[in-house]
Amino acid sequence: MADIDVSTYFFTAAVPVCNEGIVEHRSLVGTKGVLKSSPIHIVREILETLPTALQSHATEEIGLNSPFSRNLRTHFTRLVILDQPHFNGRDHSNALVNSIKGTNLLDPQPVDQISCPYILWMIDFDLPDPRGAGEPRRYFEELWGQMAPELRSIFQYCYGFDAVKDAAAFATYILRCQIETTMPFHDYWYVPPKLDPISTTGLALIPGAGVLMLLASLLACLLRWSGWHWAAGFAGWSGWSWMPWAGLALLILGLVIDYYWVLWKGRQPYPASPGADLRNVLKGLYLQQAFTRFAMEQQRRDPAERGAAFRTFLAATRPADLDGPTQPAGVIRSKLPGDGA
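Residue positions are counted from 1 within each chain, in the order its sequence is given. In keeping with the model being predicted, local features are shown solely for residues with a pLDDT of at least 70 and side-chain atom pairs are shown and tallied solely at 80 or more, while totals for entire chains, interfaces and linings include all residues. Hydrogens and water are ignored here; the side-chain numbers use all heavy atoms of the structure.

Colleague: Before we move on, could you go through the pattern of salt bridges and cite the residues and values that matter?
Modeller: Note on definitions: salt bridges are taken to be side-chain nitrogens of Lys or Arg within 4 Å of carboxyl oxygens of Asp or Glu. Counted by the stated rule, this structure contains 11 salt bridges. Residues Glu24 and Lys36 are paired through a salt bridge, measuring 3.5 Å at the closest nitrogen-oxygen approach. With a gap of 12 residues between them, Glu24 in strand S3 (residues 23-26) and Lys36 in strand S4 (residues 34-37) connect regions that are remote in the sequence. Grouping residues by exposure puts Glu24 and Lys36 together as exposed. Asp323 is the partner of Arg279 in a salt bridge, and the nearest nitrogen-oxygen pair spans 2.1 Å. Of the two residues, Arg279 is situated in helix H9 (residues 278-297) and Asp323 in the segment after helix H10 (303-317); the sequence distance between them amounts to 44 residues. When its relative accessible area of 64% is taken as the criterion, Asp323 is described as exposed. Only DSSP runs of H or I covering at least 4 residues are called helices, and only runs of E covering at least 2 are called strands; the numbering of each starts at the N terminus. Relative accessibility under 20% of the residue-type maximum defines a buried residue, over 50% an exposed one, and the middle range a partly exposed one, all with a 1.4 Å probe and only protein chains included.

Colleague: So what's going on with the UniProt feature "transmembrane region" (unreviewed entry) in the protein chain? Residues and values would help.
Modeller: UniProt positions are given in the numbering used here, feature names are shortened, and annotations may be inferred rather than shown by experiment. If you check UniProt for "transmembrane region" (unreviewed entry), the listed places come out as residues 203-225 and 245-263 in our numbering. Along residues 203-225 one finds 100% helix and 0% strand; the C-alpha atoms at either end are 34 Å apart. With 100% helix and 0% strand, residues 245-263 has its two end C-alpha atoms placed 27 Å apart.

Colleague: Go over helix H6 (residues 200-225) with me, naming the residues and quoting the values.
Modeller: Given a helix with a known number of residues, its expected span is that number minus one, times 1.5 Å. For H6, built from 26 residues, the straight-helix expectation of 38 Å at 1.5 Å per residue is met to within 8% by its first-to-last C-alpha distance of 36 Å. In this scheme, the bend at a residue equals the angle between the axes fitted to the seven residues that finish there and the seven that begin there. In the structure, H6 departs most strongly from a straight axis at Ile206, where the bend amounts to approximately 40° and where the proline Pro207 lies between one and four residues downstream. All of the buried residues along H6 are Pro207, Gly210, Met213, Ala216, Ser217, Ala220 and Leu223. Of the residues that open H6, the one with a side-chain oxygen 3.5 Å from the backbone nitrogen of Thr201 is Ser199. Two residues or fewer past H6, Gly227 is found with a positive phi of approximately 95°. For this analysis, a polar contact is any N or O atom pair within 3.5 Å, provided that within protein one partner can donate a hydrogen and the other can accept it, and provided that sequence-adjacent residues contribute only side-chain to side-chain pairs.

Structure below.
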């Protein structure tokens, strides 16, 4: 599956951790003392204490928002420690073949092992350019400029991270650890998408020509077999012994071309649904909450007053202005005019 779809980049990386010896780790601000432990344990501590988004009333009381909320392109991100791959059971096999061969299903099969723990990092982020020009390098350089201390803290014990000194080096480092994304997570279209369908005529052109030549050859053969040589000659098929072979070649060639054409078409990114980038989503959440309050305030009001109030509402909320009043990233509700401090 392609990394780019619906104008979103789906990035997955596996970053190896050098889990050797005991290390001394100082807190991010340097005032919480020194913690001595294994590198992977330190990484776990860092991830456990990394602020999450203010996605519940309890986290709202803490007041520390996720550092990823500083980036207005990040939809979703997850950091996971991968110690060993999970065992998914025996390889699939045919029960009848196993019975004939006498396979002992209790005999263990080889199990994959990794030589060190990994930090598995998955991110979905918006693309300013739907074709993804310059991505994902551009995103990681942008992210380093917004949360370099936190990123340095997370990846400091990873192999080769000592060479990371700036945004460009960080992007290069993470890109070397990129693996294929096989399960993207994104929104769905709420209206029928405008897709460019594959041409049915184009698909049928070459194999169709081959089929017609084969049918003509078959018809000529039947005419000659039935004694109607003159009919085959009248149609110009008497000396066309090469025609069935040419028809067969065209049919095979056309089917091969159609097969790769359909595969190529299926790999093309799906267009983004309207208003699906993070800034539009935040604006939509803000308007939803503001309009709910507005609607409650307009109950039992005079229609003339309601119209004037709605014009005031539009002027205050500016629905088309993404830079105007909107919901901050990483929170579950907006702060509306009139809310308490």
